[in-house]
Amino acid sequence: MTDQQQEQSLDPAQIEVDVRTGLGAPSADVTEGRQNSLWSDAWGQLRRNPLFWIGSFLGVFFVLMAIFPSWFARGADPRACSLTESKQPPSSAHWMGFDQQGCDYLANVVYGARTSLTIGLLSVIGVLLLGVIIGAVAGYYGGIADSLLARLTDIFFALPLILGALILLRVGPSTGLPILSDRGAGAVAIALSAFGWMTAMRLVRSQVIAVKSQDYVAAARAMGASNFRILTRHILPNAVAPVLVYSTITVGVLIAAEATLTYLGVGLQRPAISWGLQIENGQSLLRTAPHLVLFPSIILSLTVMAFIMLGDALRDALDPRQRS
Amino acid sequence: MGRYVARRLLLTIPVLIGASFLIFAMVYALPGDPIRALAGDRPLSPAVAAQLRAQFNLGDPLLVQYAKYLGNLTHLDLGTDFHNRPVLEIISDRLPVTAKLTLVAVFFEAVIGLVAGVFAGIRRNGYFDNLVLVSTTLIISIPILVLAFLSQYIFGLKLGWFPIAGITEGWYSYLLPGLVLASGSLAYVARLTRTSVAENMRADYVRTARAKGLPHRTVIMRHTLRNSLIPVVTFIGADIGALLGGAIVTEAVFNIPGIGRAVFDAVRGQEGAVVVGIVTLMVFFFIFFNLVVDVLYAVLDPRIRYD
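To keep things clear, this report deals only with the structure shown in the data block. Keep in mind that what you see is a predicted model, and the values were worked out from it rather than measured.

Cut-off values and rules
Residues numbered from 1 in each chain as written. Chains lettered and ligands numbered in written order. Predicted model: local features only at pLDDT ≥ 70, side-chain atom pairs only at ≥ 80, totals over all residues. Heavy atoms only, no water. Helix = DSSP H or I, 4+ residues; strand = E, 2+ residues; numbered from the N terminus. Buried < 20%, exposed > 50% of the residue type's maximum accessible area, 1.4 Å probe, protein only. Contact = heavy atoms within 4.5 Å. Areas by Shrake-Rupley, 256 points an atom, 1.4 Å probe, with all protein chains shown as cover. Core = buried A, V, L, I, M, F, W, Y, C linked by side-chain atoms within 4.5 Å. Phe/Tyr/Trp six-rings, centres within 6.5 Å; stacked < 30°, edge-to-face > 60°. Lys NZ or Arg CZ within 6 Å of the ring centre and 35° of its normal. Expected span 1.5 Å × (residues − 1). Bend = angle between axes of the 7 residues up to and from the residue. Buried area = accessible area lost by both parts, 1.4 Å probe. Salt bridge = Lys/Arg side-chain N within 4 Å of Asp/Glu carboxyl O. Polar contact = N/O pair within 3.5 Å; in protein donor to acceptor, adjacent residues only side chain to side chain. Nonpolar A, V, L, I, M, F, W, Y, C, P; charged D, E, K, R; others polar. 1 Å grid on protein atoms, 1.4 Å probe; cavity = no way out; pocket = protein on both sides within 12 Å on 5 of 7 lines; lining within 4 Å. Points joined across faces, edges and corners; volume = space filled by probe spheres on them.

**What about the overall build of chain B?**
- Within chain B, the regular secondary structure consists of 13 helices and 0 strands.
- Helices and strands appear in chain B in the N-to-C order α-α-α-α-α-α-α-α-α-α-α-α-α.
- Buried positions account for 45% of the 307 residues belonging to chain B.
- Put simply, 73% of the contacts in chain B that link residues at least 6 apart link residues at least 24 apart.
- Summed over all atoms, the accessible surface of chain B reaches about 15200 Å², with 65% contributed by carbon and sulfur.

**Description of the overall build of chain A**
- Along its length, chain A carries 16 helices and 0 strands.
- Across the 324 residues that make up chain A, the buried fraction comes to 48%.
- Contacts in chain A between residues at least 24 apart in sequence constitute 70% of all its contacts with a sequence separation of at least 6.
- Carbon and sulfur atoms make up 63% of the accessible area of chain A, which totals about 15300 Å².

**A short note on unusual backbone geometry**
- Of note, the amide linkage connecting arginine 270 of chain A to proline 271 of chain A takes the cis form, showing an omega dihedral of 5°.
- Relative to the helices and strands, proline 271 of chain A is located in the loop between helix 14 (240–263) and helix 15 (275–283).
- Even without being glycine, asparagine 125 of chain B reaches a positive phi, approximately 70°.
- Considering the arrangement of structural elements, one finds asparagine 125 of chain B in the loop between helix 5 (87–122) and helix 6 (127–141).
- The phi angle at asparagine 255 of chain B is positive, at roughly 50°, despite the residue not being glycine.
- The residue asparagine 255 of chain B is located in the loop between helix 11 (248–253) and helix 12 (259–268) in this model.

**Thoughts on the nonpolar core**
- Counting 133 residues, the largest nonpolar core has Leu166 and Ile167 of chain A together with Ile23, Val275 and Val279 of chain B as its most contacted members.
- The leading source of residues in this core is helix 16 (residues 291–318) of chain A, at 13 residues.
- What leucine 166 of chain A contacts, discounting residues up to four positions off in sequence, is Leu261, Leu264 and Val266 of chain A together with Ile248, Phe264 and Val267 of chain B.
- Grouped together as the second largest cluster of nonpolar side chains are 13 residues, Val204, Leu231, Ile235 and Ala239 of chain A included.

**Examining the packing of aromatic side chains**
- Under the definition given, this model contains 19 aromatic pairs over all chains.
- Where phenylalanine 61 of chain A meets phenylalanine 62 of chain A, the ring centres are 5.3 Å apart and the plane angle is 80°; that geometry is what we call edge-to-face.
- Its relative accessible area of 33% is what places phenylalanine 61 of chain A among the partly exposed residues.
- By the ring-pair criterion, three or more aromatic residues cluster together here, those being Phe284, Phe285, Phe288 and Phe289 of chain B.
- The lysine or arginine in question, arginine 202 of chain A, covers the ring of phenylalanine 157 of chain A, its NZ or CZ lying 4.1 Å from the ring centre.
- Of note, lysine 100 of chain B hangs over the ring of tryptophan 171 of chain B, and the distance from its end group to the ring centre comes to 5.4 Å.

**Quick word on the environment of proline 231 of chain B**
Residue and element names in this part refer to chain B.
- Among the structural elements, proline 231 can be located in helix 10 (residues 216–245).
- Along the sequence, proline 231 and leucine 192 sit 39 residues apart, while their C-alpha atoms lie 7.8 Å from each other.
- The contacts of proline 231, once residues within four sequence positions are left out, are Leu192 and Ser196.

**Quick word on helix 8 (residues 175–201) of chain B**
Residue and element names in this part refer to chain B.
- Given a rise of 1.5 Å per residue, 27 residues ought to cover 39 Å, yet the end C-alpha atoms of helix 8 are separated by just 34 Å, more than 12% below that figure.
- Along helix 8, the largest kink reaches about 50° and is centred on serine 183.
- Counting buried residues in helix 8 gives 20 out of 27 residues, a clear majority hidden from the surface.

**As for the interface of chain A and chain B**
- Counting residues at the interface gives 40 residues for chain A, matched by 45 residues for chain B.
- Summing both sides of the interface, chain A and chain B together bury roughly 3700 Å²; the carbon and sulfur share of this comes to 80%.
- Linking chain A to chain B there are 1 salt bridge.
- Where chain A packs against chain B, one counts 3 residue pairs in polar contact (both at pLDDT 80 or more).
- For the side of chain A that touches chain B, the secondary-structure elements that each account for two or more residues are helix 8 (143–157), helix 9 (161–171), helix 14, helix 15 and helix 16 of chain A.
- At 10 residues, helix 16 of chain A tops the list of elements feeding residues into the side of chain A that touches chain B.
- For the side of chain A that touches chain B, the per-class residue count stands at 26 nonpolar, 8 polar and 6 charged.

**Here's the deal with empty space enclosed by the protein**
- For the structure on display, the rule yields 2 cavities of 30 Å³ or more.
- Taken as a whole, the largest cavity holds about 70 Å³ of empty space.
- Considering the residues around the largest cavity, the lining is formed by 11 residues, among which Val171 of chain A together with Val27, Val267, Gln270 and Val275 of chain B are closest to the centre.
- Listed by contribution, the elements that provide at least two residues to the lining of the largest cavity are helix 9 of chain A together with helix 12 and helix 13 (272–300) of chain B.
- For the lining of the largest cavity, the leading source of residues is helix 9 of chain A, giving 3 residues.
- When the residues that make up the lining of the largest cavity are grouped by side-chain class, the tally is 7 nonpolar, 2 polar and 2 charged.
- Here the second largest cavity defines a volume of roughly 30 Å³.
- What lines the second largest cavity is Ala158 and Pro160 of chain A together with Gly241, Ala242, Gly245, Met282 and Phe286 of chain B.

**Here's the deal with the side chain of threonine 153 of chain A**
All names here are of chain A.
- Mapped onto the elements of the fold, threonine 153 is located in helix 8.
- Overall, the relative accessible area of 1% leaves threonine 153 in the buried class.
- Residues within four places of threonine 153 in sequence aside, it is in contact with Trp197, Met198, Met201 and Arg202.

So yeah, pure geometry; function would need other evidence.
Printed below as a string of structure tokens:
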């Protein structure tokens, strides 16, 4: 029983109606005694999973880094550079050394967290918006709408994420569209959402199909609930658990995709501070100053790892069938 | 079966056309002028520009351009790039390189992934199993871009075991990029095999086989593996289609002149015809290998019937 259903069965007004009509009046023990919901069960599982704790620790660490970068930069300003320090290796005063322009590299890597996390978050919101809406419509209405939307999903699914986003971002600046043409975080998020929503759509669609023939949906319809209300209040809450698992992992995947696109030259542009730009810049200096590629790479990987570990732990907790 | 395959083949046509039109629209619906970009600093004379525009159908409305493109496609004319080189020639030039890279990647994926997964699954929760779980989590978490640079730095630059970039040393130069390209799928294959084997180890027919007194080896090879490998084989099959189109980053870092590299260069140079041609080919591979896998599934597992 999900929280949603539980909440409904305990709605006082509802109980009153049931008692008056004499239909399905809940017996006293339903309301008494603690019931294990999906979420409290999941929390019990999560607490015992080391993956969850490592993932949350890393996640909180990088979120703090994104919000308060100055806490982590050890007093250095990422834009205060002096060419005399160019490509200096790490030292005790400057843990990550200096980049080619002589800027403190630790400060630069730390300030890169904000762009990465912002894009990860923005694009996962975009992916969920597209995926949930298209998936819900396809699954709920079925028939022609479903076939058309399923074909549309097939078309997008056959295009690799990086390739689609690469083309869209390359042509973005000359389209003159508001956010897409300014080559910033918003453009990257739009490109990633536009080519990354398909799995979310399939997830939501299959959940909706599985749930829509349940008795309580028929009951809601019999009581005159509108399609929109049935979808948002009765059907979609059932898809929350798998979608939550999927979106946690996807934040990590999208952060990696952003760094890749920026590395390929179509994502963020200088003077933005971004791990992808730092890796791209350090590439040609791999022989003389390997730390310029290594540090942003390590931090990028740890960030991606945080979300993938959290997602894995959530899946183990929320989906008992896949529990290892 | 035959009807199922025919139906699936018919369904691939709208997906192929849809995907190529999507790319076509993105590349050609631009207000920008590729001819002016081609000319660079010295402006072309209006007559030459107009002639070039007509040659590449740049003046027509989008749908007309696309219809002309499809018409040419029926006699295998994919158009040319702006230097008059046929796209088909570019593809036939670059595809063997990507095919080799994919072959190496699939080899690593199958061999390492399967072996690790089988041993982890047989002794679930043992030392090796935990090692596989931790290392696959690590591999999945490291972006392929980072993995490419790390391996290039460690094995190419520091240890000098492999060439850093390029394909001048034949098959040997494909080993490192192939391993990098395979890494994600390799971890996935190991996990999939592990779960599948572990599940089948508890199955009734395995207990029966043991009760008959069959030796451990035979039980594993004949009974457990046969059933647990079905999902793995299908995953690897579908992955061939994905790998053939997903090597842009690996090919960029290791400077490998395959179709991933070609499409990347074409996107940068706004070579519309090349982009559309190669991407359509990639989509075709993806769909084709998925279809093959679906059919294979029914062949491998007689319980599955499509009709």
